[in-house]
Amino acid sequence: MTVHFIGAGPGDPELITVKAQRLIASCPVCLYAGSLVPEAVVAGAPEGAKVIDTAPLTLDQIMEEIAAAHALGQDVARVHSGDPSLYGAIAEQVRRLKALGISYDITPGVPAYCAAAAGIGQELTVPEVAQTVILTRTAMKSTGMPEGEDLATLGASGATLAIHLSVRNLLEIERQLSPLYGADCPVIVAYRVGWPDEMYVRGTLSDIREKVRKAKLTRTALVLVGHVFKDHAFPDSALYDPEMPHVLRPKRTERAS
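A quick note: this is a predicted structure, and the numbers were derived from the prediction, not measured.

Participant: An account of the nonpolar core is requested, with residue identities and associated values reported.
Facilitator: Core analysis: the largest hydrophobic core is formed by 23 residues, its most contacted members being Leu 177, Val 189 and Val 225. In terms of residue count, helix 7 (residues 170-181) provides more of this core than any other element does, four residues in total. Sequence-distant contacts of Val 225, that is, excluding residues within four places in its chain, are made with Ala 159, Thr 160, Leu 161, Ile 163, Leu 177, Tyr 181, Cys 185, Pro 186, Val 187 and Leu 205. Counting residues in hydrophobic clusters, the runner-up holds 17 residues, among them Ile 24, Tyr 32, Ala 45 and Ala 77.

Participant: Describe in detail the state of the cysteines, supporting the description with residues and values.
Facilitator: Covalently bonding the sulfur atom of one cysteine to the sulfur atom of another cysteine gives a disulfide. For the coordinates displayed, the defined rule picks out zero disulfides. Looking at Cys 27, it has no disulfide partner, and the nearest cysteine sulfur is the one in Cys 30, 7.6 Å off.

Participant: Explain the sheet that holds strand 3 (residues 50-53) to me, using residue names and the numbers behind them.
Facilitator: Strand order in the open sheet formed by five strands is 3-2-4-1-5, and the pairing between neighbours is parallel. Two strands lie at the open edges of the sheet, namely strand 3 and strand 5 (103-107), each paired on one side alone. Going from strand to strand, the sheet's axes swing by 15° on average, the running direction of each strand aside. Where strand 2 (residues 29-32) lies against strand 4 (residues 76-80), four bridges are found, and the strand directions are parallel. Bridge pairing in strand 4 links Cys 30 to Ala 77. Most of the contacts of helix 3 (residues 59-71) go to strand 2, to which it runs at about 165°, and overall it touches strand 1 (2-7), strand 2, strand 3 and strand 4.

Participant: Could you give an account of the domain arrangement of the protein chain, naming the residues involved and the relevant values?
Facilitator: Segmentation of the protein chain into domains returns domain 1 (3-107) and domain 2 (112-229). Interface area for domain 1 against domain 2, summed over the two sides, is near 850 Å², with a carbon-plus-sulfur share of 70%. Summed over the three residues of domain 1 that lose the most area to domain 2, namely Pro 10, Leu 86 and Tyr 87, the buried surface amounts to 60% of that side. Linking domain 1 with domain 2 are zero salt bridges. Where domain 1 meets domain 2, there are four residue pairs in polar contact (both at pLDDT 80 or more). Its residues placed into classes, the side of domain 1 that touches domain 2 shows seven nonpolar, one polar and one charged.

Participant: How would you explain the side chain of Thr 138 if you had to name every residue and give the values?
Facilitator: Examined against the element boundaries, Thr 138 turns out to sit in the loop between strand 6 (133-137) and helix 6 (151-155). Classification of Thr 138 as buried rests on a relative accessible area of 7%. Side-chain polar atoms of Thr 138 contact the side chain of Ser 166, separated by 2.7 Å. A polar contact of 2.9 Å, which involves the side chain of Thr 138, links it to the side chain of Asn 169. Those residues in contact with Thr 138 that lie beyond four places of it in its chain are Met 145, Leu 151, Ile 163, His 164, Leu 165, Ser 166, Asn 169 and Ile 173.

Participant: An account of helix 7 is requested, with residue identities and associated values reported.
Facilitator: At 3.6 residues per turn, the α-helix brings residues three or four places apart onto the same side. Every buried residue of helix 7 is listed here: Leu 170, Ile 173, Gln 176, Leu 177, Ser 178 and Tyr 181. Buried residues along helix 7 sit in contact with helix 6, strand 7 (160-164), helix 8 (208-215) and strand 10 (221-225). Phi turns positive one or two residues past the end of helix 7, at Gly 182, with a value near 95°.

Participant: Lay out the packing of helix 3 against helix 4 (residues 91-100) with the relevant residues and their values.
Facilitator: Between helix 3 and helix 4, the shortest axis-to-axis distance is 11 Å and the interhelical angle comes to 45°. Considering their axes alone, helix 3 and helix 4 lie oblique with respect to each other. For the pair helix 3 and helix 4, the sense of crossing is right-handed. For the pair formed by helix 3 and helix 4, the contact residues are Leu 59, Asp 60, Ile 62, Met 63 and Ile 66 on the first element and Glu 92, Gln 93, Arg 96, Leu 97 and Leu 100 on the second.

Participant: Got a sec to walk through the pairing of strand 4? Specific residues and values, please.
Facilitator: Of all the five residues making up strand 4, five are buried; the element is thus mostly covered by neighbouring parts of the structure. Of the two faces of strand 4, the one holding Val 76, Arg 78 and His 80 and the one holding Ala 77 and Val 79 are both buried throughout. By the bridge criterion, five bridges tie strand 1 to strand 4 in an arrangement that is parallel. Residue pairing for strand 4: His 4 is matched across the bridge by Ala 77.

Rules of the game
Residues numbered from 1 in each chain as written. Predicted model: local features only at pLDDT ≥ 70, side-chain atom pairs only at ≥ 80, totals over all residues. Heavy atoms only, no water. Core = buried A, V, L, I, M, F, W, Y, C linked by side-chain atoms within 4.5 Å. Buried < 20%, exposed > 50% of the residue type's maximum accessible area, 1.4 Å probe, protein only. Helix = DSSP H or I, 4+ residues; strand = E, 2+ residues; numbered from the N terminus. Contact = heavy atoms within 4.5 Å. Disulfide = S-S within 2.5 Å. Pairing = 2+ DSSP bridges. Axes fitted to C-alpha atoms, helices over the stretch in contact; angles between N-to-C directions. Domains from an automatic or database assignment. Buried area = accessible area lost by both parts, 1.4 Å probe. Salt bridge = Lys/Arg side-chain N within 4 Å of Asp/Glu carboxyl O. Polar contact = N/O pair within 3.5 Å; in protein donor to acceptor, adjacent residues only side chain to side chain. Nonpolar A, V, L, I, M, F, W, Y, C, P; charged D, E, K, R; others polar. Parallel < 35°, antiparallel > 145°, perpendicular 65-115°, else oblique. Left-handed = near helix turned anticlockwise from the far one by under 90°.

If you want it as structure tokens, here you go:
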């Protein structure tokens with residue numbers, strides 16, 4: 001018996017891996033986070049499968065379902081949104097599985113920040129503008145941030161920021177990042193990426209809070225901040241530069257006359 005942690009992607013049922021689909025279709029028990037994973041993603045569970053929305057359940061109740069499946073020798077598809085490695089809350093589940101001697105594996109999924117970048121048609125790493133992407137969040141009612149992971153510290157890098165779970169904390173984002181990125185730095189709030197009602201609100205650090213307020217977005221949104229979202233006269237990447245040979249494209253030598 002194995003618990004398969006599965007990344008379902010951001011919401012679009014087609015943004016799921018072939019492996020993830022196969023696992024869902026093979027497991028007699030499917031536990032999915034219904035607040036973030038659409039039913040269409042788990043519609044491929046086998047006929048007669050036990051399919052449970054875990055959104056209203058506690059961790060103890062989820063583990064009870066897994067333990068019951070383990071007693072019957074039934075594999076479990078534990079379906080999370082996006083990629084389980086990012087704010088997937090699998091660490092505490094894995095800890096309990098290890099204590100119970102229950103095997104598990106993890107199948108990655110498309111993270112929301114990647115789907116959002118695709119949705120706006122944007123590369124997040126642009127030559128000589130930003131070559132680093134930082135994935136983070138801010139602390140509100142959730143667990144606190146470790147020392148040194150505040151926005152002021154991370155923002156000092158000038159990197160592109162993908163700020164999760166923080167759409168209701170835009171005032172603090174503006175306060176901490178404006179001195180570093182400038183009040184006119186572009187911000188994109190990506191709402192319910194991959195869902196039929198997805199929305200992208202564009203603004204700057206100085207006005208994005210008001211724009212989001214008017215759009216009435218209060219949850220399930222990702223905040224992207226960075227200078228890469230400006231129009232830049234940036235240089236082409238050296239990857240395809242004919243003057244920059246590499247092992248797959250060695251420099252041509254002139255033939256002797």
